[in-house]
Amino acid sequence: MSKHEQLGLNKDQLLEMYDYMLLARRLDERQWLLNRAGKVPFVISCQGQEAAQVGAAYALNREQDYACPYYRDLGVVLVFGQTPRDTMMAAFAKADDPNSGGRQMPGHFGGKKYRIVTGSSPVATQVPHAVGIALAAKMRREETVAFTSLGEGSTNQGDFHEACNFAGVHKLPVIFYVENNKYAISVPLNKQIAVENVADRAIGYGFPGVIVDGNDVLEVYRVFKEARERAAKGDGPTLIEAKTYRLVPHSSDDDDRSYRTREEVEEAKKNDPILKYREYLLQEGILTEELVQAYEERVMKEVNEATEAAENAPYPDPETVTRHVYAE
Amino acid sequence: MSKHEQLGLNKDQLLEMYDYMLLARRLDERQWLLNRAGKVPFVISCQGQEAAQVGAAYALNREQDYACPYYRDLGVVLVFGQTPRDTMMAAFAKADDPNSGGRQMPGHFGGKKYRIVTGSSPVATQVPHAVGIALAAKMRREETVAFTSLGEGSTNQGDFHEACNFAGVHKLPVIFYVENNKYAISVPLNKQIAVENVADRAIGYGFPGVIVDGNDVLEVYRVFKEARERAAKGDGPTLIEAKTYRLVPHSSDDDDRSYRTREEVEEAKKNDPILKYREYLLQEGILTEELVQAYEERVMKEVNEATEAAENAPYPDPETVTRHVYAE
Amino acid sequence: MAIKTYIEAITDALAEEMTQDESVFVLGEDVGVRGGVFRATAGLIEKFGEERVMDTPLAESAIAGVAIGAAMVGMRPVAEIQFADFIMPAFNQIVSEAARIRYRSNGDWICPLTIRAPYGGGVHGALYHSQSVEALFHHVPGLKIIAPSTPYEAKGLLKAAIRDEDPVLFFEHKRLYRSIKGDVPDGDYVLPIGKANVKREGTDITVITYGLMVHYCLEAAETLAKEGISVHVLDLVTIKPLDEEAIVGAAKRTGKVLIVHEDNKVGGIGAEVSAIISEEALFDLDAPIMRLCGPEIPAMPYSPPLEKAYLLNPVKITEAMRKLAEY
Amino acid sequence: MAIKTYIEAITDALAEEMTQDESVFVLGEDVGVRGGVFRATAGLIEKFGEERVMDTPLAESAIAGVAIGAAMVGMRPVAEIQFADFIMPAFNQIVSEAARIRYRSNGDWICPLTIRAPYGGGVHGALYHSQSVEALFHHVPGLKIIAPSTPYEAKGLLKAAIRDEDPVLFFEHKRLYRSIKGDVPDGDYVLPIGKANVKREGTDITVITYGLMVHYCLEAAETLAKEGISVHVLDLVTIKPLDEEAIVGAAKRTGKVLIVHEDNKVGGIGAEVSAIISEEALFDLDAPIMRLCGPEIPAMPYSPPLEKAYLLNPVKITEAMRKLAEY
Ligand SMILES: Cc1ncc(C[n+]2csc(CCOP(=O)(O)OP(=O)(O)O)c2C)c(N)n1
Ligand SMILES: Cc1ncc(C[n+]2csc(CCOP(=O)(O)OP(=O)(O)O)c2C)c(N)n1
Ligand SMILES: [Mg+2]
Ligand SMILES: [Mg+2]
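Description of the structure in this document.

Let us now look at the site of ligand 2. Every one of the 21 residues lining ligand 2 counts as a neighbour, but Y70, Y71, S154 and Y183 of chain B together with E60 of chain C are closest to it. Residues within reach of ligand 2 are spread across chains B and C. Here Y71 of chain B contributes a side-chain N or O atom positioned 2.7 Å from an oxygen atom of ligand 2. Protein contacts shield 97% of the accessible area of ligand 2, which totals 580 Å² for the unbound molecule. Of the residues contributing to the shell around ligand 2, the split by class is 9 nonpolar, 8 polar and 4 charged.

All names here are of chain B. Taken together, E152 (OE), E152 (OE), N181 (OD1) and Y183 (O) make up the full set of protein donors to the magnesium ion (ligand 4), lying 2.0 to 2.7 Å away. Donor residues binding the magnesium ion (ligand 4) come from one chain and are separated in sequence as E-x28-N-x1-Y. With E152 in the loop between β2 (146–151) and α7 (158–169) and Y183 in strand β4 (residues 183–184), this pair connects stretches of sequence that are 31 residues apart. Note on E152: relative accessible area 1%, which makes it buried. According to the relative accessible area criterion, Y183 is buried, its value standing at 10%.

What follows covers the site of ligand 1. Taken together, 21 residues form the shell around ligand 1, and within it Y70, Y71, S154 and Y183 of chain A together with E60 of chain D come nearest. Taking Y70 of chain A, its side chain carries an N or O atom lying 2.7 Å from an oxygen atom of ligand 1. Note that an oxygen atom of ligand 1 is positioned 3.5 Å from one of the backbone N or O atoms of G151 of chain A. Protein chains bury 96% of the 580 Å² of accessible surface belonging to ligand 1 in isolation.

Octahedral metal centres with six donors ideally show angles of 90 or 180 degrees, and tetrahedral centres with four donors ideally show 109.5 degrees. All names here are of chain A. Within the protein, E152 (OE), E152 (OE), N181 (OD1) and Y183 (O) serve as the donor atoms for the magnesium ion (ligand 3), at 2.0 to 2.7 Å. If you look at the magnesium ion (ligand 3), its 6 donor atoms make angles of 51 to 176° with each other, and the shape they trace is irregular. Binding-site remark: the magnesium ion (ligand 3) is held by donors from one chain whose sequence spacing is E-x28-N-x1-Y. With E152 in the loop between β2 (146–151) and α7 (158–169) and N181 in the loop between β3 (174–180) and β4 (183–184), the pair connects residues that are 29 residues apart, well separated along the chain. As far as the burial class goes, E152 and N181 line up, both buried.

All right, on to the relation of the copies chain D and chain C then. The transformation that overlays chain D on chain C combines an axial shift of 0.0 Å with a rotation of 180°, and the residual RMSD is 0.0 Å. Both copies of the chain, as the preceding transformation shows, are related through a two-fold rotation axis. Taken together, the interface assignments show that 100% of the residues at the interface of chain D recur at the interface of chain C, consistent with an identical surface on both copies.

This brings us to the interface of chain C and chain A. Reports often express the size of an interface as the amount of accessible area lost when the parts come together. With 40 residues of chain C at the contact, the number on the chain A side is 39 residues. Summing both partners gives a buried area of about 3400 Å² for chain C against chain A, and 62% of it is carried by carbon and sulfur. Connecting chain C to chain A are 1 salt bridge. On the surface where chain C and chain A come into contact, there are 22 residue pairs in polar contact (both at pLDDT 80 or more). Among the elements of the structure, α2 (44–52), β3 (53–55), α3 (60–72), α4 (91–97) and α5 (101–104) of chain C are those that each provide at least two residues to the side of chain C that touches chain A. By residue number, the principal contributor to the side of chain C that touches chain A is α3 of chain C, which donates 9 residues. Partitioning the side of chain C that touches chain A into residue classes produces 16 nonpolar, 12 polar and 12 charged.

All names here are of chain A. Within β3, 7 of the 7 residues are buried, which leaves it mostly tucked inside the rest of the structure. Alternating positions in β3 separate into two faces, V174, F176, V178 and N180 on one and I175, Y177 and E179 on the other, with burial throughout. Note that β2 and β3 share 6 bridges and pair parallel. Residue pairing in the sheet places S149 in a bridge with Y177 of β3. Relative to strand β7 (residues 238–243), β3 runs parallel, the two sharing 6 bridges. Within the sheet, the bridge partner assigned to N180 lies in β7 and is K243.

Residue and element names in this part refer to chain A. With 12 residues, α7 ought to run about 16 Å at 1.5 Å a step, and its terminal C-alpha atoms sit 17 Å apart, in line with that. Summarising burial for α7: 12 of the 12 residues are buried, a large majority. Among all positions in α7, only G158, D159, F160, H161, E162, A163, C164, N165, F166, A167, G168 and V169 are buried. K171, located one to two residues past α7, shows a positive phi value of around 45°.

The subject of this paragraph is the side chain of T155 of chain B. Summarising the element assignment, T155 of chain B is placed in the loop between β2 and α7. Given a relative accessible area of 0%, T155 of chain B falls into the buried group. There is a polar contact of 3.1 Å between the side chain of T155 of chain B and the side chain of R201 of chain B. Beyond its immediate stretch of four places on either side in the chain, T155 of chain B contacts H161 of chain A together with L150, F160, V178, V198 and R201 of chain B.

What counts as what
Residues numbered from 1 in each chain as written. Chains lettered and ligands numbered in written order. Predicted model: local features only at pLDDT ≥ 70, side-chain atom pairs only at ≥ 80, totals over all residues. Heavy atoms only, no water. Near = heavy atom within 4 Å. Polar contact = N/O pair within 3.5 Å; in protein donor to acceptor, adjacent residues only side chain to side chain. Areas by Shrake-Rupley, 256 points an atom, 1.4 Å probe, with all protein chains shown as cover. Nonpolar A, V, L, I, M, F, W, Y, C, P; charged D, E, K, R; others polar. Donors = N, O, S within 2.8 Å, 3.2 Å for Na, K, Ca; no water. Helix = DSSP H or I, 4+ residues; strand = E, 2+ residues; numbered from the N terminus. Buried < 20%, exposed > 50% of the residue type's maximum accessible area, 1.4 Å probe, protein only. Tetrahedral: all angles 85-135°; square planar, octahedral: opposite > 155°, others 65-115°. Least-squares fit on C-alpha atoms with pLDDT ≥ 70 in both. Contact = heavy atoms within 4.5 Å. Buried area = accessible area lost by both parts, 1.4 Å probe. Salt bridge = Lys/Arg side-chain N within 4 Å of Asp/Glu carboxyl O. Pairing = 2+ DSSP bridges. Expected span 1.5 Å × (residues − 1).

Shown next as structure tokens:
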């Protein structure tokens, strides 16, 4: 049996995951182009982490679960229902941005209709929020699981620790997801943490810590399915660490040449999760070269249309700047 | 070879440790009496944790090391040089209190001349301070080790996590000491943390976590000697967890009958660390019944004299209330 | 009507709100079997069970952060911070998160969270069990802050806070808990957030204050009444949003304003009250706007003579009032 | 003398202090090989090595707390908080610890710590990379707060901060970093903390401000000069302790005061400045004390029209000045 059969994933599902990954990548690339052209002030990327994100979100229940993602999680929010148009509205800071109506930088996801919880910039603050959502689910006897993600550097924040501990003590249905891309801006792993695996931190909180290859979307899907089941069954939290790599600078304001070699980046590109997954699907006969081309075209069309729509969309009315401070 | 010989402790040292433990206990008991008599507004106790404290501090280098203790550590600060008079000056909030000149509650230790770093009430804030002291030592190539302690409940604060991680990454000479007395005020261990041993948290920070019987002063001494050596050699931090028990209420404001049974407390008293150590010393012929009596009398005399001195000592001048906000 | 202590009013408000709304729950350190270190939650665990009266791990940022998460999905958490002094570790969650959730999501998400905390000194609590912390938050749009001085207001406003759609900091002066008793109506009632209350009508000078100091100011006003000085006392009750209309009205009424708070002066609530008055009522003033506050020291010491030196009392307040009246 | 940008002045001050005092070191996120996200520490790791230019784990409470520990035993740490917005997780360490160490130990221990942080908006930084945070700390005795507006003052005061025996928060407006250049003396000089500077002499109205707004106010004053309105501009420079003498003097000089800050109004620095004036110079005033500040919203939005709506600018300031002059 091939991997995906073991996982019970059918062809449509496999292709849907491929589609999400590709879409995330192309939307991301487009934002860089727009940034370099002076059209959008800021980009923060998912590039290199698409498998880690799509595999994770795809294993969740998008009707029941809540996502408290972090700024790189374009792959996650697409699976949760955000559209290319949403992404571009946020990039251009237009009124129709579903995350914040253009109030926040791109990458600060949110949207009640998508079950995506509004996020902020200070890292790791979303982690206790996810625990609170899990607590509410437990109290209301709902089969909701809370998902939250963050970078490995951000696991050094006190909030991560406090939230994990709280969830461990109360056995809450929450999945803590660390996308370990080996850098926190310029600071390499060995200056961030003194252990090999962030997953080991789970030991201190009394729940399992799982390591997964973040370049392998099906493996990510597998461990997430398991974690979600544990959570839904009342067996408590799981910490999952995906080993991954950020293929581009930290953000459009960063220049990564000062802290990592081009060779290292080139080497990492060989493990590009999209290429790896494409190969798998080709091998399994689920993708064909023609299909690859067709997906590419459709995605680019979506990206183009979204870009155009957003570019031409109205900015928020300046008068609205004082709205929504308190209930109106 | 008996235990203390293996540890290289001579008779005088063994008796000195006994002396400190007894002194800590009697000073503590006296403060409760004074509190119940309406003479001092507040007591927070070391009772039950004297072996854990004296064994630890005794293994440190009191000329080189710094202590960042927590509020129960009367045993620690006595070993670092505080006197019964100091304790009582603090209890009565008199001007001569070396910790704060009566500004802080008892148990908020400090004193530069004793190498005891000023502490506060918000728990766990001292943990990063100890790391900073260790960092300074490393930068200045000094053979100083920083000691810091806290309760097991307090290890759930973000500051504990952040400090441990920092020390782990930079391999700093610091010993993190958790006095696990099974309660955080009324909250029992299983509502505080979801693991058996707090020591396991060290795994997430890349340094050893050691469990020790906090009722066995010599064992505590042993693990601290080792940890101090590791630190001084440049091998980095150690987390030590002493299993102990608080024999009295959390503080003079607490009533522990609402959250633990009298049977549980009585059971714990059978392991009273002072009785256990006394037995050992009697067995080894280091203490005799006469000596026990003599120590008891001398300690009580010291406690009495200190109480009297402090009771009669002047309060701080109210005019000084605005001093020492900034350099003068 | 029944005579209740301040802390009974708090407990009653919690119990009633928990009874009438299943989504209301209490969380904090020692709030369960112990009923809170001040016993504000006494009896609740017996009534509502340990899930709705939750002893949390010792971690204030998690208490706030978890409560925020629960609030965002429709619960009505009431978090207790054991002492207001220990709200500092939760500062990021309160200021960066709770206060900004509605704004940053353009009204999509809300955070109906109440945080209760005993504050204030005069109980031998020393530097870290005596602080007033309201001024550290009053600059933050998105938050509401309440600090009632009577059992009646405490109950009606705690209920209002719990039902409010936005995050509310509810500060209870710990000296009031058992020292102040007062009439509390039977049954359900809610008072409006953002309304200052006149506690004494007067014509010579205006005193604007809140919390424990309300009682001291009333005592001082009583003393001065015997000397023929008539003092108008306005209790802010809500610290944020300030009741600007009531403040300006009270200032204009006598033209002489003394602002009194226990907390230290610089950047305190009194600074904003003063600034409002000199923006809106400058030409109605017959004397400089005076502030009588705690001294500029990091916090209140433990030793009785030092604690006394820090604290305002009716005598010190009477003196300041007299001075202003004579101006 | 040389012409330097604001950020060069910062880097120079750090390099000089590190050269002349071995106990000075820099720590923070990305301050090492990256030279800081704004490049304020660029070149330092090459000169002083990675021990004295330390990349820390991503944890602000630890950055502050570790720095406090090192400072207590004689080091002179200069901690960088990457954006002022991210100082919130360190609030407890700064307020409960750094600010109180000298006081709580009765002068036995001290905490000579400098915390640098870029603050302020107008750089498309949105809600969490644009905030002014000074008002969250100005109520806290034991702290000093500096927010210079020129390269000359930035250098002289950063050196003063590092040499100061007490904890100092040093806020650098990120819009100033590269937009403002100015004369900076060669070699070592130190400026006094706590001194406001008159940036323009005038006789009709007084404007009190700090940070980026100093430049906007000067621009507005220039405009009004052409209309025959003479504006006196006082730059606070130090936010805590406020230079009361200079404030009162500037207010008395013209009798008409406008306080300007980028930060929102309620409980801002302007409230205290206003309260000082109405305590000390009420009868010298010919107009209400006005405040022109950011709106009461949690923070500055990202979208250009919203950011613009938040921010003050020379035009808005000119209008307010004119209105006051005409009062
Ligand atoms: C509390 C806080 N401090 C600092 C920052 C600035 N900052 C943004 S992302 C980042 C690095 C995050 O690294 P990591 O957690 O590994 O996530 P990655 O970006 O690598 O995915 C830093 C320092 C921030 N956003 N929040
Ligand atoms: C930040 C903070 N929150 C709350 C408190 C109140 N408090 C003081 S001691 C304590 C329990 C501490 O338990 P633990 O860490 O196990 O130490 P123990 O007292 O049992 O030795 C609490 C909640 C505090 N001092 N600081
Ligand atoms: Mg990373
Ligand atoms: Mg304990």
